[in-house]
Every structure is written in structure tokens, then in C-alpha cells.
Amino acid sequence: APDGTLLKENSGGDKLKFDYVPGLVAKAIIEAADYYQQEDFARSWFYSVEDYANRYFDGVPRVGKSLDDLNATKMYFALYDLTDPEKGAFRDIADPKTHANAKLAMESALEGLKDTKANYVITPDVSQEAAGGWWHKGTYPYQMWCDGQYMGPALLAQLVHYGYTIDGVEEDWKTITRQFDITWSKLWDSEQRLLWHA
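Heads up: these notes are all about the structure in this document. Residue indices begin from 1 for each chain and proceed along its sequence in written order. Totals for whole chains, interfaces and linings use all residues, but because this is a predicted model, local features are given only for residues with pLDDT of at least 70 and pairs of side-chain atoms are given and counted only at 80 or more. As a convention, hydrogens and water are excluded, and side-chain values are obtained from all of the structure's heavy atoms.

So, helix α1 (residues 20–35)
Part 1 of the reasoning: Helix and strand labels come from DSSP, where a helix needs a run of H or I of at least four residues and a strand needs a run of E of at least two; each type is numbered from the N terminus. A helix is expected to span 1.5 Å for every residue after the first. Given a rise of 1.5 Å per residue, 16 residues ought to cover 22 Å, and the 23 Å separating the end C-alpha atoms of α1 matches this to within 8%.
Part 2 of the reasoning: Each residue is placed in one exposure class: buried if its accessible area under a 1.4 Å probe, protein chains only, is under 20% of its type's maximum, exposed if it is over 50%, and partly exposed if it falls in between. Within the sequence span of α1, burial applies to G23, A26, K27, I30 and A33. Taken down its axis, α1 places every buried residue within 130° of arc, on the same side.
Part 3 of the reasoning: A contact between two residues is defined here by any heavy atoms of the two lying within 4.5 Å. Among the structural elements, α2 (42–56), α4 (75–82) and α6 (146–161) are those in contact with the buried residues of α1. Note: the arc covers the axis-to-C-beta directions of the helix.

Okay, structure coming up:
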């Protein structure tokens, strides 16, 4: 509708779920809505992400089997800010549940990263140099990928910014830094001056 309200329910059937790809797209859309928040057309962008986010907030993995899946949580940071009851730009049009749902999604993601750190990590007996590195997925044991750094440690950094921690702020920053240090030391090709993907 011209005012940005929902015209009809999204009927994605079983194809829609909390997942890396729609989460990445939703993150881009909600950030664009934030940037253009003064424009009427941004309302429809906000509503579309809010609808998706409110459907799947309880689908955020609390286990660390996939950094891909946890990464989709990033859309909730902007949604949380935009629906803040006191100062959020879209607080007057937001569903009253959205702010709380975004908070629950972030808390679930923290649980997923805690599980990653505890159970999906390179151990010293496998590789001393890469000890503490987070697996990209449970199905790829002992593998670290470049895009995994955009996913796992970057997500933890945002969670720390919002006041969530696994082991305290200082220790979490050491964990975040460790992921990038391992990736750089193992994947940098000095001849090609590029990083290998994994």
C-alpha cells in the first residue's frame, strides 16, 4: 500500500525459514530503511523485514553447528534500535513485539556462539597454531573460512557492543581477535597477496 502497510501475508510455504540468505538480504533492507527513515517508501522496507524477523526470531540457533545460520541474526541489531520504545525511528509503527523479539534473537545467537566456542573449535592436539579457531560448520570439522570471520567473530563483536558476552568483554575481544589472527596466519598467500577462502 502507498503508506507502506502490509497488503497481504507472505505465503512462502516451507521455503521460508531463518537462514543465511534471507537474513543477509533482510539486514541490507533494514539498514536501507534506517538510512532512508525520513522517506515514506522506507516504511514498506521496514514492514517486510519486521514481518520476516517476527516470524523467525525463535529460529535463531542456540547451537554452534553453522556460522552461516547464526550470521542471519545481524538483521536484529538494526531492528532492535529502530523499534526502541523511547527513541527508535519506527517505534510508532512497529509491532509491539518486535523490540522484544529482536532481543530474544540476539540472546539466542549468543548461546549459539557459546556452543561454537565450546564444541566447534580447533583443539591444541589437532593444531597448536590454530587452537581456538571456530569451525565454519559442524559438517566441516577443523575448517575455518574467510567468510566465517564476517559471520562468527563479527557477530560476537556486535553482541559485545550491545552488552552481551560469553566470557566478559576483554576475553571476548581476545577470542574475536584470535579468529582473525588464525585466519590470516593460515590463509594468507604472500605470493598472490590474497587470502585463500578456507
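Some points on the nonpolar core
Part 1 of the reasoning: For our purposes a nonpolar core is just a set of buried Ala, Val, Leu, Ile, Met, Phe, Trp, Tyr and Cys residues, chained together by side-chain atoms within 4.5 Å. By size, the foremost hydrophobic cluster in this structure holds 42 residues, and its most contacted members are Y76, L113 and L159.
Part 2 of the reasoning: Sorting the residues of this core by element identifies α1, α2, α3 (67–71), α4, α5 (98–119) and α6 as the ones contributing at least two each.
Part 3 of the reasoning: When residues no more than four places from it in sequence are discounted, the contact partners of Y76 are F18, A53, Y56, F57, V60, A102, A105 and M106.
Part 4 of the reasoning: Counting residues in hydrophobic clusters, the runner-up holds 6 residues, among them I122, A130, W135 and I182.

Overview of α2
Part 1 of the reasoning: Spanning 15 residues, α2 covers 22 Å between terminal C-alpha atoms, matching the ideal 21 Å at 1.5 Å per step.
Part 2 of the reasoning: The complete set of buried residues in α2 reads A42, F46, Y47, V49, E50, D51, Y52, A53, N54 and Y56.
Part 3 of the reasoning: As for α2, its buried residues are in contact with α1, α4 and α5.

Some points on the pattern of salt bridges
Part 1 of the reasoning: The working definition used for a salt bridge is a side-chain nitrogen of Lys or Arg within 4 Å of a carboxyl oxygen of Asp or Glu. Evaluation of the coordinates by the stated rule reveals 10 salt bridges.
Part 2 of the reasoning: We note a salt bridge from K103 to E107, for which the minimum N-O separation is 2.6 Å. Taken together, the residues K103 and E107, both in helix α5 and 4 residues apart, mark about one turn of the helix.
Part 3 of the reasoning: On the accessibility criterion, E107 (24% relative accessible area) is partly exposed.
Part 4 of the reasoning: Look at the salt bridges and you will find they share partners, linking E170, E171 and K174 into a network.

Let's talk about the packing of α4 against α5
Part 1 of the reasoning: Each axis is a line fitted through C-alpha atoms, taken for helices only over the stretch in contact, and angles between the N-to-C directions span 0 to 180 degrees. Where α4 meets α5, the closest approach of the two axes is 9 Å, and the angle between their N-to-C directions is 145°. Where α4 crosses over α5, the handedness of that crossing is left-handed. Of the residues in α5, those touching α4 at Y76, F77, L79 and Y80 are T98, H99, A102, K103, A105 and M106. Left-handed describes a crossing in which the near helix is turned anticlockwise from the far one by less than a right angle; the clockwise case is right-handed.

Describing a nonpolar patch on the surface
Part 1 of the reasoning: Patch construction takes residues with relative accessible area above 30% that form no salt bridge. Like charges are linked within 9 Å, and nonpolar side chains (Val, Leu, Ile, Met, Phe, Trp, Tyr) are linked within 5 Å. The method behind every accessible area is Shrake-Rupley, applied with a 1.4 Å probe, and residues are considered shielded solely by the protein chains displayed. Judged by side-chain polarity, Y35, Y36 and F41 come together as a nonpolar surface patch covering roughly 380 Å² of accessible area.
Part 2 of the reasoning: Within the element layout of this structure, Y36 appears in the loop between α1 and α2.
Part 3 of the reasoning: Assessed through its relative accessible area of 37%, Y36 is described here as partly exposed.

Considering the packing of α5 against α6
Packed helices, taken two at a time, are described by the angle their axes make and the gap between the axes.
Part 1 of the reasoning: Two elements in contact, α5 and α6, have axes separated by 11 Å at closest approach and are oriented at 130°. Between α5 and α6, the crossing angle belongs to the class labelled oblique. For α5 against α6, the interelement crossing comes out left-handed. Only G152, L155, L156 and L159 of α6 make contact with α5, whose side of the interface consists of M106, A109, L110 and L113. Oblique is the label for any angle not under 35 degrees, not over 145, and not in the 65 to 115 range, which are roughly parallel, roughly antiparallel and roughly perpendicular in turn.

Geometry only, nothing functional implied.
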